[in-house]
Amino acid sequence: MNKKFEALGMRPADILLPKQGTDMGKWAVVACDQFTSQPEYWDEVNRIAGDTPSTLRLILPESKLNDANVDEHIANINKSMEEYLSKDIFTTLGASIIYIERTQSDGTVRPGLVAAVDLEKYDYTPGSGSLIRATEGTVLERIPPRVRVRKDAPIELPHIMLLIDDPQKICVEPITAAKEQMEVLYDFDLMMKGGHLKGWKLSEAQVDELAAALSRLSSDAAMEEKYGLGGVAPLLFAVGDGNHSLATAKTCYENLKKVTPEEQWADLPARYALVEIENLHDDALKFEAIHRVVFNVDPEKLIAAFKEFYPNAHEGQGVGHTIAYTWAGGTGHLTVPNPRVQLAVGTLQNFLDAYLKENGGEVDYIHGEAVTDELGRKPGNIGFKLPAMGKDQLFKTVIADGVLPRKTFSMGHAEDKRYYVEGRKIK
């Protein structure tokens with residue numbers, strides 16, 4: 001392996017793929033943290049997958065994370081993983097990086113790379129100077145339930161997406177240009193309006209060239225040129241999606257270190273996590289707002305409390321942070337002039353955290369305005385729609401200010417989220 005990868009926090013991985021002959025359209029399912037308030041979506045996925053090999057049997061949709069029989073769900077997942085391994089369903093690509101192209105629901109093509117990252121180089125603590133950093137606040141209480149899913153699992157399947165800030169397009173794009181000469185690994189339509197997915201295997205020469213390009217991207221000269229910040233800890237990878245999944249992998253690794261001699265840490269499969277890497281500057285990569293729906297509350301009381309929390313807030317659109325809302329009584333806007341934080345999502349989230357702690361109720365994070373309106377107008381609910389954040393501010397903000405408010409942005413619509421295809425042994 002190229003020695004440069006040791007300093008980059010990423011590396012080629014032994015990647016598991018289903019063998020030829022597998023129905024890939026039934027194998028691949030969307031990230032487990034999608035459609036959490038729409039159980040009918042997962043019911044339909046289950047119907048489509050049927051009894052054929054499918055990643056649905058290897059993941060736990062987060063809509064089931066709080067089920068009374070969640071331990072039974074987890075046991076079944078681990079059993080399925082062991083069965084898939086013993087039945088020789090997988091083939092292994094040794095020390096590989098995969099180039100993928102995802103055709104999204106709008107027809108645009110989003111390129112990416114599948115590789116492993118070193119969890120020693122990742123830290124989700126706000127203000128961290130690690131090479132791989134969270135972009136939003138990590139909710140610590142969300143980690144233990146996910147640890148229960150991962151800690152005994154022999155396989156990981158990633159929906160984590162990391163971003164690189166590569167305006168000169170020296171990393172992913174040269175591989176795109178050479179794809180016609182590369183080995184195709186899979187090429188199929190995704191279920192449930194997920195679009196299309198095609199994957200190629202990088203050659204050894206391409207892997208070496210990628211290492212060199214990433215080294216330039218993380219250099220002090222690059223940090224100075226892009227951010228005007230020389231001599232600071234470089235930020236190479238920012239988490240775009242799946243931060244709590246990566247934080248869960250980190251926690252499991254840290255727990256394993258406690259019972260493993262230090263000289264063995266480098267060889268622990270759990271030290272690494274499989275991810276997809278994308279260029280922030282790719283035109284197909286769109287930042288979407290993540291909206292909020294609050295359940296089991298009195299919407300009128302909540303709106304009144306918002307105005308008390310922000311005494312200068314008023315109904316209607318205006319200068320400052322404007323947030324649209326929908327409830328059974330209609331629609332409207334709340335505007336907070338001269339906000340104390342940079343983004344409207346921070347203004348709303350600060351209020352919701354305080355209100356729900358005092359008054360009860362639950363909040364869910366929703367992709368798509370139509371779904372937010374649909375759920376928000378049901379009795380006892382209220383939906384809030386937020387503006388999208390400009391993606392050009394992401395790395396600068398994380399470097400200068402630390403993490404953004406949690407669930408600030410999403411990369412694309414729910415149907416365009418990462419589908420599970422590749423896996424990796426973590427035991």
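Further up the page is the structure itself.
Everything in this summary refers to the structure shown in the same document.

Thresholds, definitions, all that
Residues numbered from 1 in each chain as written. Predicted model: local features only at pLDDT ≥ 70, side-chain atom pairs only at ≥ 80, totals over all residues. Heavy atoms only, no water. Salt bridge = Lys/Arg side-chain N within 4 Å of Asp/Glu carboxyl O. Helix = DSSP H or I, 4+ residues; strand = E, 2+ residues; numbered from the N terminus. Buried < 20%, exposed > 50% of the residue type's maximum accessible area, 1.4 Å probe, protein only. Core = buried A, V, L, I, M, F, W, Y, C linked by side-chain atoms within 4.5 Å. Expected span 1.5 Å × (residues − 1). Contact = heavy atoms within 4.5 Å. Phe/Tyr/Trp six-rings, centres within 6.5 Å; stacked < 30°, edge-to-face > 60°. Lys NZ or Arg CZ within 6 Å of the ring centre and 35° of its normal. Pairing = 2+ DSSP bridges.

## Here's the deal with the pattern of salt bridges
- Counted under the stated rule, the structure contains 21 salt bridges.
- Of the charged contacts in the structure, one is a salt bridge between Glu101 and Lys179, with a shortest N-O distance of 2.9 Å. One end of the pair, Glu101, is in strand β4 (residues 98–103); the other, Lys179, is in the loop between α6 (173–177) and β10 (183–189), with 78 residues separating them in the sequence.
- Judged by its relative accessible area of 11%, Glu101 is buried.
- The closest approach of N and O atoms between Glu254 and Lys250, which form a salt bridge, is 3.3 Å. Here the residue Glu254 and the residue Lys250 both occupy positions in helix α9 (residues 243–257), the gap between them amounting to four residues, near one helical turn.
- Assessed through its relative accessible area of 13%, Lys250 is described here as buried.
- A single network of salt bridges, built from pairs that share partners, joins Glu120, Lys250, Glu254 and Lys257.

## Structural notes on the nonpolar core
- Residues Trp42, Ile98, Tyr186, Phe188 and Val421 are the most contacted members of the largest nonpolar core, which totals 48 residues.
- Among the elements that make up this core, the one with the highest residue count is helix α4 (residues 70–86) (five residues).
- Ranked by size, the runner-up nonpolar core spans 42 residues in total, among them Val117, Met182, Leu210 and Ala211.

## A short note on the environment of Glu82
- Here Glu82 lies in helix α4.
- For Glu82, a relative accessible area of 45% gives the class partly exposed.

## Points about helix α11 (residues 344–359)
- In a regular helix each residue adds 1.5 Å, so 16 residues correspond to 22 Å; α11 covers 22 Å between its end C-alpha atoms and thus fits that length.
- For α11, the complete set of buried residues consists of Ala344, Val345, Gly346, Thr347, Leu348, Gln349, Phe351, Leu352, Tyr355 and Leu356.
- Residues of α11 that are buried in the fold lie against β14 (287–295), α10 (299–309), β16 (321–327), β17 (330–336), β18 (362–367) and β19 (382–385).
- In the segment just after α11, Gly360 is the residue with positive phi, at about 85 degrees.

## Points about the packing of aromatic side chains
- Scanning the entire structure with this criterion turns up 13 aromatic pairs.
- An aromatic cluster of three or more residues is present, and its members are Phe306, Phe309, Tyr310, Phe351 and Tyr355.
- Over the ring of Tyr272 we find Arg11; its NZ or CZ atom is 4.5 Å from the centre of that ring.
- The positively charged end of Lys257 is found above the aromatic ring belonging to Trp265, 4.5 Å away from the centroid.

## Some details on the pairing of β19
- On β19, burial covers both faces: Ile382 and Phe384 on one face and Gly383 and Lys385 on the other are all buried.
- Strand direction decides the pairing type here: β14 and β19, joined by three bridges, are antiparallel. Bridge pairing in β19 links Val293 to Gly383.
- Where β16 lies against β19, four bridges are found, and the strand directions are antiparallel. Residue pairing across strands places Thr326 opposite Gly383, the latter belonging to β19.

## Some thoughts on unusual backbone geometry
- If you check the backbone angles, Asp88 has positive phi at about 60 degrees while not being a glycine.
- Its location among the elements puts Asp88 in the loop between α4 and β3 (90–96).
- Unlike most non-glycine residues, Met192 shows phi in positive territory, near 55 degrees.
- Secondary-structure assignment places Met192 in the loop between β10 and β11 (196–201).

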